[in-house]
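Architecture at a glance
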Amino acid sequence: MKIIKNLLKFSVLICLLFCLKEGFSQNIIWHHNDLNYFKLEENQIIRYELPGNEREVFLNSEKLTPLGSNVSLTVRDFAISKDENSILIYTNTKKVWRLDTQGDYWIYDVGNDLLRKIGESLPESSLRFAKIDPTSKNIAYVSGSNLYYESISDGKITQLTHDGNRKLINGTFDWAYEEEFACRDGFQWSPDGKLISFWQINAEKIRDFYMVNNTDSVYSQVIPVEYPKVGYSPSPAKIGVIDLESEKLDWLPIPGDPAQHYLPRMEWNSANTLLVQQLNRKQNESKIFKISIPDLSVVTIHKETDPAWIDVLSSWDNVYGLTFRHEFKWINKGKEFLWMSEKDGWKHIYRIDMDGKEKLITKGAFDVMNLLGVDQEENWIYFHASPENATQKYLYRTRIDGKGKLEKVTPEGLEGLHHYEFSPNAAYAIHQFQNNYTQPIREWISLPKHEVLNQKESISQNIASKQHEKKVEFFQISIDDKVTMDGWMVKPNDFDKSKKYPVVFYVYTEPWGANVKDGFGSSNNRLYDGDMAEDGYIYISIDNRGTPVPKGREWRKSIYRKVGQLNISDQAAAAKQIAEWDFVDPDRIAVWGWSGGGSATLNLLFQYPEIYKTGIAIAAVADQLTYDNIYQERYMGLPQENLQDFIDGSPVTHARNLKGNLLYIHGTGDDNVHYANADILVNELIKHGKLFQIMPYPNRSHSISEGSGTTAHLRKLFTDYLKKHCPPGGI
C-alpha cells in the first residue's frame, strides 16, 4: 500500500525527482580509509584524495571499451578490490521489480590492462550482485536463482547451487522480501574469502497472482507473480553456508518454524561466526542469533518485543538505493555492534556485545533518525536528529561510551534538512543542506569540528545562488484529543485574505512515509500541469499520527491495527478546522494521493463526504486483504485474529457513502498494489449506484511511468479533472 511503496512509497519518489531529499545523486565509494574515495563521472571512475580533494582519473572510458568494440561500457555501478588491482563494472542492466539489479559484469585487471566479461557462458544481463571476495581472488554472483563463483585469474566458473528456479530462490529474494524489507542482495563472503553465506527463499507454496497483458499480442499473456497476501503464511527462508574448496553446504539450524518467521538480516562477524536477525510473523519480536560455523551451534544474544511492531527499515534511510544492504555497525574491533531500538519510548542507539550485554548510548526525549558514523579514537558517535522540529534534520553526536550529553554539530543559522555522508572512520563528510526555499547545496567538511575543507565551495559562500522566493508556510494544527500535527501550505500567488480559495490536500498518512519536511520541492505537485499557486489553489499536506516522524514511539505506533481509521480521523479533524478558515471555500475541498495515499484519499472521500468534495486516488489499496502479508500484517496484525480492523480500515467498506467527485487511476500491470483493487472498488460503487470516473493504464506498473506519452497523459488527466470539479481561484 504505498510511494513508491507505494510511490512513498510516492513521497520518496518525489524526493528523488525534485530534491534529492534524503541523500546524494553521486555514487561515492570509500576505499578502506578516510583519505580516498571514488566516483563515477562522465562514464569514468575518478579517484579523489582528501583533504585537498585532488582528482585523478582512475579508469578512463578508453579502458572500458571491450576488445573488438569502439564503444565503451556504460557504467551503472562499480566496485574495487581491496588491493585495487581489480575493478568490477556493472552494465547493461535490467529492472527486477523496483530496481535494475540484473545485468552484465566486467572486470578490469589494472596490472595487465585487461577487460573481460564475467559469467561469459551465462545468459546476457542475467547476473546479480557480483562481489569480489576479501582476498581479491574470486567473484561471486547470482544467475537464474543460483549462486556461482568465478576465479579472477583464469575465469573458471563454479556453480554452487543447482536447484534454483522462479519459486526456489538462492542468493536473492522474492517480491515480498525485496519490497518490504529492501532485501535484494542475498549472499555474503566470509572475511577470509573461504565461505559464502546465502539466503534461500522457498516460494513454492506461495500462490501466484496473475497479471494479464492484453496489448503486446493478439492473445492475452498471463504474467504470474508469487505474492503472499495478508493472512497467508510467508515464504520460508533459510540460510546456507558453502565451503568453496569442498563445495560442502551446511544449512544453519535456526530455531522456529521458517513459514512463520522472517530472516531480514545476516552478517559475518568473523571467519567462523555469523549473526542472523529473526522476526516472528507479526514482526513484534526480534531475535539475534550468534551462529558458530564450525559446529553450527546457535545462541540467542538479543531479544526484543514491542506491543505493535519492530522496525527493520528506517524511513530516513535510502532503502531504494541500488546497493542498499542491512548491516551491523561494528565497534571495538568487532566485539560489539550498534543497534537501534524504541523500547524506552524513543528511537535510541545501543551497543551490544557478542554475549548480548547491552548499553544505552543516546539518552533523552528525542529520536535518533539514523546512525551516520563512529569515530572510535575520539569516542564520538554521529547521527541525524531533530528534537525541536519534526520537519527538519540536523547532525548530532554523543560519546560512544554512553557517558556524554547530546551535542548539536550542525552550525546554527541554517534551518531545514541537513544530510551527511561520512567517511569510514568519521574524519570527513559531505554535508548537504536544503530547506523549502533553498535548493540542495553541499560542501566537504572535516570532523569533529565541522570545518569546511574549501571555503570557495562552501555552503556559506554559495547559498545565495540557490535560494528562491519563500512560498511554503509551515503550521501546526491541534485536534480534539490534544494531538498536534505538522503541516505545510502554499497559498495562491495573488492571495487575498478577503477571498475564499479552494484547498487541495496531498495525503499519504500511513506508517511508511511522511510528507511534511522542510526540503526543497517537498510541496511540489508533479502531477499538476501548470502552477497551482498561480492558478489559485491552496495546497496543503499534514502528517497525522502513525507517520514515521521523530515524535517518539507512541506517535508512530498509535496507528497499530488502525490503518484506515486513526490516520483518516486525524486528517479529517484537521481538514474540518481548515475548512473554517476565513480564506477557505468549504465547498471546494479536494484530496489526492498515490498508493497508501490513494487509499487515504478514498477513505477520506467515503468516510467524510461532508468535508471532501473531490478526490483523485491513484494505485490505491481498496481492500486491505489484497495487499502483501509483510506490510499489512506488520501494521495491522493477522486477519485471523482481528479481521474487523481490516474491514473497517478498507475503503471498499465505506464506498457506499460516496457523494462527491471521484477519479480513480490504476495501472493494470501493477505488481505491487494489484489492479484487482480497482475491480473490487468499481463493483462496490456500482452496487450502490455511485457515479465516478476511472482511468486504467494498460500494463503500467505501480509508478505508472512506462509507455510513450504516459506521464503527459496522466498529468493532463489529473489537472483537467481537478480544475473541472474543484475550480481554482478566489471568490
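By convention here, each chain's residues receive numbers from 1 onward along its written sequence. Per-residue local features of the predicted model are confined to residues with pLDDT of at least 70, and side-chain atom pairs are confined, for both listing and counting, to 80 or more; whole-chain, interface and lining totals are unaffected and use all residues. Working from all heavy atoms in the structure, the side-chain values ignore hydrogens and water.

Per an unreviewed UniProt entry, the chain goes by the name S9 family peptidase and belongs to Belliella calami.

Moving on to the overall build of the chain. Helix and strand definitions here come from DSSP, where helices need a minimum of 4 consecutive H or I residues and strands a minimum of 2 consecutive E residues; each element is numbered from the N-terminal end. Secondary structure assignment for the chain yields 12 helices and 43 strands. For this measure, only C-alpha atoms enter the radius of gyration; the expected value for a globule follows 2.2 Å times N^0.38, where N is the number of residues. In terms of C-alpha radius of gyration, the chain reaches 26 Å, essentially the compact-globule figure of 27 Å for 731 residues. Taken along its principal axes, the extent of the C-alpha atoms in the chain is 75 × 60 × 60 Å. Residues counted as buried form 60% of the 731 residues belonging to the chain. Positive and negative side-chain charges of the chain, numbering 83 and 96 respectively, have mean locations separated by a distance of 3 Å. Exposure is judged per residue with a 1.4 Å probe applied to protein chains only, and the accessible area is read against the type maximum: over 50% gives exposed, under 20% gives buried, and values in between give partly exposed. His is not counted, nor are the chain ends, whereas Lys and Arg count as positive and Asp and Glu as negative. The atom standing in for a charge is NZ when the residue is Lys, CZ when it is Arg, CG when it is Asp and CD when it is Glu.

Quick look at helix H8 (residues 629-636) now. A large share of H8 lies buried, amounting to eight of its eight residues. Among the residues making up H8, those that are buried are Asn 629, Ile 630, Tyr 631, Gln 632, Glu 633, Arg 634, Tyr 635 and Met 636. Two residues qualify as a contact provided that any one of their heavy atoms is within 4.5 Å of a heavy atom in the partner residue. Buried residues along H8 sit in contact with helix H2 (175-181), strand S20 (261-270) and helix H9 (639-649). Each polar contact in these results corresponds to two N or O atoms within 3.5 Å; when the atoms are within protein, one needs to be able to donate a hydrogen and the other to accept it, and residues that are neighboring in sequence are counted only if both atoms are side-chain atoms. Put simply, Asp 628 is the residue that caps the front of H8, since its side-chain oxygen is 3.0 Å from the backbone nitrogen of Ile 630. Just downstream of H8 lies Gly 637, where phi reads positive at about 85°.

The next thing to look at is helix H11 (residues 676-687). Residues lying three or four places apart along an α-helix face the same way, a consequence of the helix completing one turn every 3.6 residues. The terminal C-alpha atoms of H11 lie 17 Å apart, and with 12 residues this matches the ideal 16 Å at 1.5 Å per residue to within 8%. Residues of H11 that are buried include every one of Asn 677, Ala 678, Leu 681, Val 682, Glu 684 and Leu 685, and no others. Projected down its long axis, H11 shows its buried positions confined to an angular sector of 165°, all on one face. When the buried face of H11 is taken as reference, the exposed residues oriented beyond 90 degrees from it are Asn 683, Ile 686 and Lys 687. Elements in contact with the buried residues of H11: helix H7 (596-607), helix H10 (651-654), strand S42 (661-667) and strand S43 (693-697). Just downstream of H11 lies Gly 689, where phi reads positive at about 70°. To estimate the expected span of a helix, count its residues, drop one, and scale the result by 1.5 Å. For this quantity, the arc is that covered by the directions from the helix axis to the C-beta atoms.

Burial analysis of strand S25 (residues 336-341) places five of its six residues in the buried class, the great majority of the element. Relative to S25, strand S24 (residues 329-331) runs antiparallel, the two being bridged by three bridges. By the bridge assignment, Trp 330 is partnered in S25 with Phe 337. The turn joining S24 and S25, which pair antiparallel and follow one another in sequence, is formed by four residues; a positive phi near 55° is taken by Asn 332. Only strands joined by at least two bridges in the DSSP assignment are considered to pair. Connecting the antiparallel pair S25 and strand S26 (residues 348-353) is a turn made up of six residues, with Gly 345 showing a positive phi of about 100°.

Attention shifts here to a nonpolar patch on the surface. A patch consists of residues whose relative accessible area exceeds 30% and which take part in no salt bridge; residues with like charges are grouped when within 9 Å of each other, and nonpolar side chains (Val, Leu, Ile, Met, Phe, Trp, Tyr) when within 5 Å. The method behind every accessible area is Shrake-Rupley, applied with a 1.4 Å probe, and residues are considered shielded solely by the protein chains displayed. Salt bridge, as applied in this entry: a Lys or Arg side-chain nitrogen positioned within 4 Å of an Asp or Glu carboxyl oxygen. Nonpolar side chains collect at one region of the surface, where Tyr 210, Val 212 and Val 222 lie side by side and expose about 280 Å² of accessible area between them. Residue position: Val 222 is located in strand S17 (residues 221-226).

Bringing unusual backbone geometry into the picture now. Between Leu 50 and Pro 51 the backbone carries a cis peptide bond, its omega angle lying at 10°. Note on placement: Pro 51 falls in the loop between strand S3 (44-49) and strand S4 (54-59). A cis amide bond, omega 20°, links Leu 447 with the succeeding residue Pro 448. Positionally, Pro 448 belongs in the loop between strand S34 (438-446) and strand S35 (451-452). Phi at Asn 53 takes a positive value of approximately 60°, unusual for a residue other than glycine. Its place among the elements puts Asn 53 in the loop between S3 and S4.

Let us look at the pattern of salt bridges. Applying the stated criterion across every chain, the model contains 36 salt bridges. Salt-bridge contacts for Arg 184 lead to Glu 178; the nearest nitrogen and oxygen are separated by 3.7 Å. A single burial state applies to Arg 184 and to Glu 178, both of which are buried. Here the residues in one salt-bridge network are Asp 306, Glu 342, Asp 367, Arg 553, Glu 554, Arg 556 and Lys 557, joined through shared partners.

Take Gln 571: it is sitting in helix H6 (residues 566-579). Assessed through its relative accessible area of 1%, Gln 571 is described here as buried. Sequence-distant contacts of Gln 571, that is, excluding residues within four places in its chain, are made with Val 507, Thr 509, Ile 542, Asn 544, Leu 604 and Tyr 612.

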